[in-house]
Each structure stands twice: as C-alpha cells, then as structure tokens.
Amino acid sequence: MSAPELIRVVSRDSPMALAQVERVRAGLASLHPGVRTEVVPVRTTGDKWLGDLSQVDGKGAFTKEVDAALLSGEADLAVHCLKDVPADRPLPAGTVFAAFLERDDVRDALVHPGGLTLDALPAGTRVGTSSVRRVAQLAASHPRLTCVPFRGNANRRLARLAAGEADALLLAVSGLERIGRPDVVSEVLSTETMMPPIGAGILALQCREGDDALIDAVSGLGHPDTHREATAERMFLHVLQGHCNSPVAGFARVDRSGELSLRACVFTPDGKVRLNAHEWAGRLDPATLGTSVAVALLRQGARELIDGIGH
C-alpha cells in the first residue's frame, strides 16, 4: 500500500507541541522520502484557559479541537502528548491510535534560578505547579514548601518564573528537552521522589479509522515496547476511571529482559494518604496488567479517594 502524497498534521500551537510535530515530520520524511507534510496548528481550550481546568471540563481540554480537525477532514494525522488524552473514556468514535513513538524521559525536573535541589529549598519556597499529582506528592515529601497555581505552556511558565511569580517550578524533563531548554534544570527528580503521570513522555499518533494507507505509513514510527507500556497504563486509568483532578500517578516499564511491569499510586490531594500497587505482567498481556493493578488499588479504597475529589 503506497503512502499518501500529502499528510496534514494537526497539533496544538504551543512551541512544545510544534517541536513534537517536527519530530514526527522528520520521521516520516526518513521513512517515506516522497511524502509531503503540512502542519495544521490549532489553539485548544486548555491553552486558552489559564485557570483551573476542571472549570472548562478538564477532560480533553488539550485534545478536543485537535480531534475535531481530524474528524472534519481538515487534517489527517494528530500528534498528542499521551498524558493529555483522556483514558477513562474511549477515543472519539472514528479515530484510532496508529503509533506510539519511542518513549522519552518520564521524570520531572526542578527548575530553580539559583540551582538549588528540592531538598535544599528553604521553607516557604513557592513552587509553581497546577498538577494535583505534583501537589499531592510535594505535600507529602516536602510539606514546608508552598505550591502556587501555575498554568500555561512550558515557555510561558519559565517566563513567569523569571518575572518572580514563583521561586521554583516543576516541569517534565521531556518537555524541557523538546523546547531546547534542558539548561534550566536544577535537579532531575527520581520516580520515587515524584511519580510521573500516566502516559508521560509518550507521543501518540492518531488517525481516522479506515485511513489504511496513512495508518500503514505512520505505523513504522511506532515503538513496540512503548506500545506495551502505553497499553498497560491507559487500561489502568480506564478501569480506575480517574479524571483530570485525580491525584493518580504511575508508569509501566519494559526492562532489558523484555519483562513488563506497572507501578501506580493514588493519593489524597494533601498527600496524607497514598495507595500503592506494583505488579509484573508475567504471562499477562499489557491490558490485563493494567486492569490487575487498577483492581489492586480499588481494593485498597481508590474509588472512594477519587470520588471524594470534585471535578
């Protein structure tokens, strides 16, 4: 099946999202030298609204407009940060994931203008983040720090930090690398210190169902181990029915021997309660592993924790 002559790629219009699109375009150019690509940038609700995401139906705040462009035929291929794609409900009808690119770093980074590490930050330091996942974990591990709401794309957050609106920031390592700013990192936090969000560091390519030539063309960009990890993580979140205000964290990992494991946590927003689960797949397929880990947390009371948080 021959690849389409032109692939119109839709994405958020933030600098990071457009950098991600360039990675996909370069990959396609390498795989299919004769194919032309064109970028269709859109401004999403999540990019326009800088308040609490739950006030604008946080689910899909960064994906709805991208999905609409795909379904209307304005674009052929969507590039998403997988962590932004809701997993507690199916993909929009008529669309499928065609590939998951090789996973980038899943860890979070501390950005402090003076280069301090997390443990060295003095009491009362204002840490900019609007992530309930980060807030809950910081409240548990570093209660003397103060989290201040901080939304906007990574470039905007760095500018706000420079303007003195916070004393430090927490940002994804992969995001800073994508916008060419790894230089601002003071400390890369271990996954034990700061458990990542589900889908961290994964770019997902979404197409319309039935666009077989396109699906075939982009599938070569996919990474098999990342596919297994993404499948386990998204099934976990689907069974758990976590929403955008749920302090849920976790990541799957394929080790060097090919064994797949999934580690996950559910917290209360103040970080005082933390439920943990960690399982190896063994003979289980990735989706079954995700289900098993979710059930383990539900048995510990995760449903009550999640339902007790407004969204």
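Not measured: the values here are computed from a predicted model.

A. Highlighting the sheet that holds strand β11 (residues 248-254). Pairing within the open sheet is antiparallel, and its 3 strands lie in the order β11-β12-β13. Among the strands making up the open sheet, the edge pair consists of β11 and β13 (274-280). Adjacent strand axes in the sheet meet at a mean angle of 10 degrees when their direction is disregarded. Pairing of β11 with strand β12 (residues 260-267), which is carried by 7 bridges, proceeds in the antiparallel orientation. Across the sheet, the residue bridging to Phe251 is Arg263, located in β12. Packing of helix α8 (residues 224-240) onto the sheet brings it into contact with β11 and β12, and relative to β11 it is tilted by some 150 degrees.

B. Up close: the side chain of Arg134. Summarising the element assignment, Arg134 is placed in helix α4 (residues 132-141). Within the local environment of Arg134, its side chain forms a polar contact with the side chain of Asp108, the two groups lying 2.9 Å apart. Setting aside residues no more than four positions away along its own chain, Arg134 makes contact with Asp108, Thr129, Arg157, Leu170, Leu171, Ala172 and Met194.

C. Structural context of helix α3 (residues 64-72). Every buried residue belonging to α3 is among Val66, Asp67, Ala69 and Leu70, and all of these are buried. Seen end-on, α3 carries its buried residues on one side only, within an arc spanning 160 degrees. Buried residues along α3 sit in contact with β1 (6-12), β2 (36-42), β3 (77-81), β4 (95-100) and β10 (203-208). Gly73, located one to two residues past α3, shows a positive phi value of around 90 degrees.

D. How the structure looks around the packing of aromatic side chains. According to the stated counting rule, one finds 1 aromatic pair in the structure shown. Taken together, a centroid distance of 5.1 Å and an interplanar angle of 55 degrees make the contact between Phe97 and Phe100 tilted. When its relative accessible area of 23% is taken as the criterion, Phe97 is described as partly exposed. You can call Phe100 buried: its relative accessible area is 7%. Over the aromatic face of Phe150 sits the side chain of Arg160, whose NZ or CZ is 4.1 Å from the ring centroid.

E. The arrangement of α8 in detail. Here α8 contains 17 residues, and its C-alpha end-to-end distance of 25 Å stays within 8% of the 24 Å for a straight helix at 1.5 Å per residue. The set of residues buried in α8 consists of Thr226, Glu229, Ala230, Ala232, Glu233, Arg234, Phe236, Leu237 and Leu240. Residues of α8 that are buried make contact with β4, β11, β12, α9 (286-299) and α10 (302-307).

F. Region of interest: the pairing of β12. Among the 8 residues that make up β12, 7 are buried, leaving the element largely enclosed by the rest of the structure. Count of turn residues in the β11/β12 antiparallel hairpin: 5 residues, of which Gly258 carries a positive phi of about 90 degrees. As defined by bridge partners, β12 adjoins β13 across 7 bridges and the pair is classed as antiparallel. Bridge pairing links Leu262 to Glu279 in β13.

G. Main features of the layout of surface pockets. What the second largest pocket holds in volume is close to 250 Å³. As for the second largest pocket, its lining consists of 13 residues, of which Ala87, Phe97, Thr231, Arg234 and Met235 are closest to the centre. When contributions to the lining of the second largest pocket are tallied by element, the ones reaching two or more residues are β4 and α8. Residue contributions to the lining of the second largest pocket peak at 6 residues, all from α8. Residues that form the lining of the second largest pocket fall into these classes: 8 nonpolar, 3 polar and 2 charged.

H. Spatial organisation of the environment of Gly115. Secondary-structure assignment places Gly115 in the loop between β5 (108-111) and β6 (126-128). In this structure Gly115 comes out as partly exposed when scored by relative accessible area, which is 44%. When the C-alpha positions of Gly115 and Val273 are compared, they lie 31 Å apart, and in sequence the two are 158 residues distant.

Quick notes on the rules
Residues numbered from 1 in each chain as written. Predicted model: local features only at pLDDT ≥ 70, side-chain atom pairs only at ≥ 80, totals over all residues. Heavy atoms only, no water. Pairing = 2+ DSSP bridges. Helix = DSSP H or I, 4+ residues; strand = E, 2+ residues; numbered from the N terminus. Axes fitted to C-alpha atoms, helices over the stretch in contact; angles between N-to-C directions. Contact = heavy atoms within 4.5 Å. Polar contact = N/O pair within 3.5 Å; in protein donor to acceptor, adjacent residues only side chain to side chain. Buried < 20%, exposed > 50% of the residue type's maximum accessible area, 1.4 Å probe, protein only. Arc of directions from axis to C-beta. Phe/Tyr/Trp six-rings, centres within 6.5 Å; stacked < 30°, edge-to-face > 60°. Lys NZ or Arg CZ within 6 Å of the ring centre and 35° of its normal. Expected span 1.5 Å × (residues − 1). 1 Å grid on protein atoms, 1.4 Å probe; cavity = no way out; pocket = protein on both sides within 12 Å on 5 of 7 lines; lining within 4 Å. Points joined across faces, edges and corners; volume = space filled by probe spheres on them. Nonpolar A, V, L, I, M, F, W, Y, C, P; charged D, E, K, R; others polar.

Any functional reading would require information that these geometric values do not contain.
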